[in-house]
Amino acid sequence: MLSYFAAAATRVGDTWEAVEVDLDGVDDLDEVVDRLRDVDSSADVSLLFVEADDEYLVVMRLDDGDDLRVFCSDAPFADESKLGAVLLADTDTEPAEVLDDEEVPVKSELDVEPVGDSDLLADLGVSASVLLSLCAKDGMLPSDVTAEVAGQLGCGDVMEEVHEA
């Protein structure tokens, strides 16, 4: 059983809020989506960051409560845990390319296999190349990636509060 931490960041207008989300006992992706919607049903943007076992990061996004988009830092998460299988159930398992600063595909020394929609945060200020590079960067834990991404999105402070609670 992998340990995990899950936190939702929701935005209404220009204001971000964040709370920890309990995913224990979820049996399918619909339950996860319902728990994310329940955080703030009026949110313009709802993000769920799931950090598992200091190895895997899943980012889920709902816009106005619909149109689920999912990204995972490493495909083996789906095979290594029930939670991973649930979170990545509807995700395209074709690995996304990891890009360097010049947006040239590179092979990561960590051999990560990011999957899903790496562009899901681009309109919020975190491009696919930045997200992929962070996930492939040597020494970056999922919590480090979450903190970096949340900072760039403008919700770093509220996410940090949830992490430290």
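Refer to the preceding data block for the structure.
Residues numbered from 1 in each chain as written. Predicted model: local features only at pLDDT ≥ 70, side-chain atom pairs only at ≥ 80, totals over all residues. Heavy atoms only, no water.

Draft legend 1. Region of interest: the pairing of strand E1 (residues 4-12). As paired strands, E1 and strand E3 (residues 45-52) are joined by 8 bridges and run antiparallel to one another. Bridge assignment links Ala7 to a residue of E3, and that residue is Phe49. Strand direction decides the pairing type here: E1 and strand E2 (residues 15-20), joined by 6 bridges, are antiparallel. The residue bridging Val12 from the neighbouring strand is Thr15, located in E2. Taking the residues between adjacent antiparallel strands as the criterion, E1 and E2 are bridged by 2 residues, where Gly13 takes a positive phi near 65°. (Pairing = 2+ DSSP bridges. Helix = DSSP H or I, 4+ residues; strand = E, 2+ residues; numbered from the N terminus.)

Draft legend 2. The packing of helix H5 (residues 142-153) against helix H6 (residues 156-164), seen in detail. It is the contact of H5 with H6, at a shortest axis distance of 7 Å, that shows an interaxial angle of 150°. The angle between H5 and H6 places the two elements in the roughly antiparallel class. Side by side, H5 and H6 meet where Ser143, Thr146, Ala150 and Gly151 of the first sit next to Gly156, Met159 and His163 of the second. Its residues assigned to classes, the contact of H5 with H6 shows 2 nonpolar, 5 polar and no charged. (Axes fitted to C-alpha atoms, helices over the stretch in contact; angles between N-to-C directions. Parallel < 35°, antiparallel > 145°, perpendicular 65-115°, else oblique. Contact = heavy atoms within 4.5 Å. Nonpolar A, V, L, I, M, F, W, Y, C, P; charged D, E, K, R; others polar.)

Draft legend 3. Just a negative patch on the surface, in detail. Negative charge collects at one region of the surface, where Asp53, Asp54, Glu55, Asp79, Glu80 and Asp144 lie side by side. With respect to the helices and strands, the residue Asp79 is situated in helix H2 (residues 77-80). (Patch = residues over 30% accessible without salt bridge, like charges linked within 9 Å, V, L, I, M, F, W, Y side chains within 5 Å. Areas by Shrake-Rupley, 256 points an atom, 1.4 Å probe, with all protein chains shown as cover. Salt bridge = Lys/Arg side-chain N within 4 Å of Asp/Glu carboxyl O. Lys, Arg positive; Asp, Glu negative; His and termini not counted. Charge placed at Lys NZ, Arg CZ, Asp CG, Glu CD.)

Draft legend 4. The arrangement of the state of the cysteines in detail. Under the counting rule described, the total for this entry stands at 0 disulfides. With no disulfide partner, Cys135 has as its closest neighbouring cysteine sulfur the one in Cys72, 8.3 Å distant. With a relative accessible area of 8%, Cys135 lands in the buried category. (Disulfide = S-S within 2.5 Å. Buried < 20%, exposed > 50% of the residue type's maximum accessible area, 1.4 Å probe, protein only.)

Draft legend 5. Structural detail: the environment of Ser3. When you line up the elements, Ser3 lands in the segment before E1. Between the C-alpha atom of Ser3 and that of Asp54, which follows or precedes it by 51 residues, the distance is 8.5 Å. Filtering out sequence-adjacent residues up to four positions away, Ser3 remains in contact with Glu51, Ala52 and Asp53.

Draft legend 6. Structural detail: the pattern of salt bridges. Evaluated as defined, the whole model comprises 6 salt bridges. Residue Asp34 is joined to Arg37 by a salt bridge in which the shortest nitrogen-to-oxygen separation is 3.3 Å. Placement of both Asp34 and Arg37 in helix H1 (residues 29-39) is noted, with a separation of 3 residues, approximately one turn of the helix. Classification of Asp34 as partly exposed rests on a relative accessible area of 40%.

Keep in mind that these numbers describe shape and distance, not what the molecule does.
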